[in-house]
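Remarks on the overall topology
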Amino acid sequence: NARKASRSLARLPGRVKDEALRNVADGLRSRSDEILEANAKDTDAGRRDGLSDSILDRLLLNPERLAALAEDVLAVAALPDPLGESFDVRQLPNGLRVGKRRVPLGVVGAIYENRPNVTVDISVLCLKSGNAVILRGGREAINSNTALAGLVQNGIAEAGVPGDAVQFVESTDRALVGEMLKMKDHIDLVIPRG
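Residues numbered from 1 in each chain as written. Predicted model: local features only at pLDDT ≥ 70, side-chain atom pairs only at ≥ 80, totals over all residues. Heavy atoms only, no water.

Notes on the sheet that holds strand E5 (residues 166-168)
Strands sit in the order E5-E4-E3-E6 across an open sheet of four strands; the sheet is parallel. The sheet is open, and its two borders are formed by E5 and strand E6 (189-192), each paired with just one other strand. Averaged over all pairs of adjacent strands, the angle between their axes in this sheet comes to 20 degrees, without regard to strand direction. Where strand E3 (residues 107-111) lies against strand E4 (residues 132-136), five bridges are found, and the strand directions are parallel. Looking at E4, one finds that glycine 109 is bridged to isoleucine 134. (Pairing = 2+ DSSP bridges. Helix = DSSP H or I, 4+ residues; strand = E, 2+ residues; numbered from the N terminus. Axes fitted to C-alpha atoms, helices over the stretch in contact; angles between N-to-C directions.)

Put into structure tokens, the structure is as follows:
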């Protein structure tokens with residue numbers, strides 16, 4: 001499904017992707033209570049599990065951090081569409097022009113741990129660059145990540161972006177990371193973040 005979505009996403013006009021990103025920013029503002037409630041479950045569980053203060057701080061979302069995250073999403077939306085940009089163009093002696101053109105990678109798999117903002121960051125960057133993404137966050141932020149991924153999926157769908165362009169692995173089973181790494185026919189690039 002991500003592969004199919006990536007093909008559609010690669011052809012979407014920049015204005016549609018930017019509208020989707022603006023919808024995500026709006027969702028971060030309008031659904032902040034829901035996100036903060038999910039995040040409170042994660043931080044409470046983290047305290048019970050004895051996570052360090054620095055890890056709890058990375059895990060924590062608050063109104064200020066959500067507002068900053070929304071502003072970051074809008075900043076990405078304001079960037080020029082990178083797709084189709086040509087560079088290093090030169091003309092050969094026979095008159096043929098050759099150069100490089102920016103194209104999407106296809107499907108990006110992202111594996112990350114306990115920073116829920118990364119769910120939004122990676123989704124937004126992948127969407128802007130025309131790539132579908134499969135997100136696999138850590139167990140410490142499962143509630144926050146689930147809420148944020150749902151918010152992103154709703155926001156992009158409202159703009160007409162294929163819903164499968166952003167997918168979230170809701171299981172925290174570490175064995176799934178190994179499975180993702182074996183999916184070479186479905187995932188073009190896996191990024192282990194952190």
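Details of the pairing of strand E1 (residues 86-91)
Counting buried residues along E1, only zero of its six residues qualify, which leaves the element largely exposed. Pairing of E1 with strand E2 (residues 97-101) involves four bridges; the strand directions are antiparallel. Looking at the pairing, arginine 90 lines up with valine 98 of E2. Taking the residues between adjacent antiparallel strands as the criterion, E1 and E2 are bridged by five residues, where glycine 95 takes a positive phi near 95 degrees. (Buried < 20%, exposed > 50% of the residue type's maximum accessible area, 1.4 Å probe, protein only.)

Thoughts on the nonpolar core
Of all hydrophobic cores here, the largest spans 39 residues; its most connected members are Leu28, Val120, Leu127, Ile156 and Val161. In contact with leucine 28, other than residues within four places in its own chain, are Ile35, Leu66, Leu69, Ala70, Val73, Val120, Leu148 and Leu151. Grouped together as the second largest cluster of nonpolar side chains are nine residues, Ala2, Ile134, Val169 and Ile187 included. (Core = buried A, V, L, I, M, F, W, Y, C linked by side-chain atoms within 4.5 Å. Contact = heavy atoms within 4.5 Å.)

With respect to the environment of serine 54
Note that serine 54 resides in helix H4 (residues 53-59). Classification of serine 54 as partly exposed rests on a relative accessible area of 45%. Each C-alpha atom of the pair serine 54 and aspartate 26 lies 29 Å from the other, and the pair is 28 residues apart in sequence. A polar atom in the side chain of serine 54 sits 3.2 Å from the side chain of serine 52. (Polar contact = N/O pair within 3.5 Å; in protein donor to acceptor, adjacent residues only side chain to side chain.)

Focus on the side chain of threonine 43
Mapped onto the elements of the fold, threonine 43 is located in helix H3 (residues 32-48). Overall, the relative accessible area of 4% leaves threonine 43 in the buried class. With residues near it in sequence (within four places) discarded, threonine 43 still touches Leu56, Leu59 and Leu60.

A short note on the environment of valine 190
Inspection of the secondary structure puts valine 190 in strand E6. Residues valine 190 and proline 80, 110 residues apart in the sequence, show an inter-C-alpha distance of 25 Å. Apart from residues no more than four positions distant in its own chain, valine 190 is found in contact with Gly109, Ile111, Met180 and Leu181.

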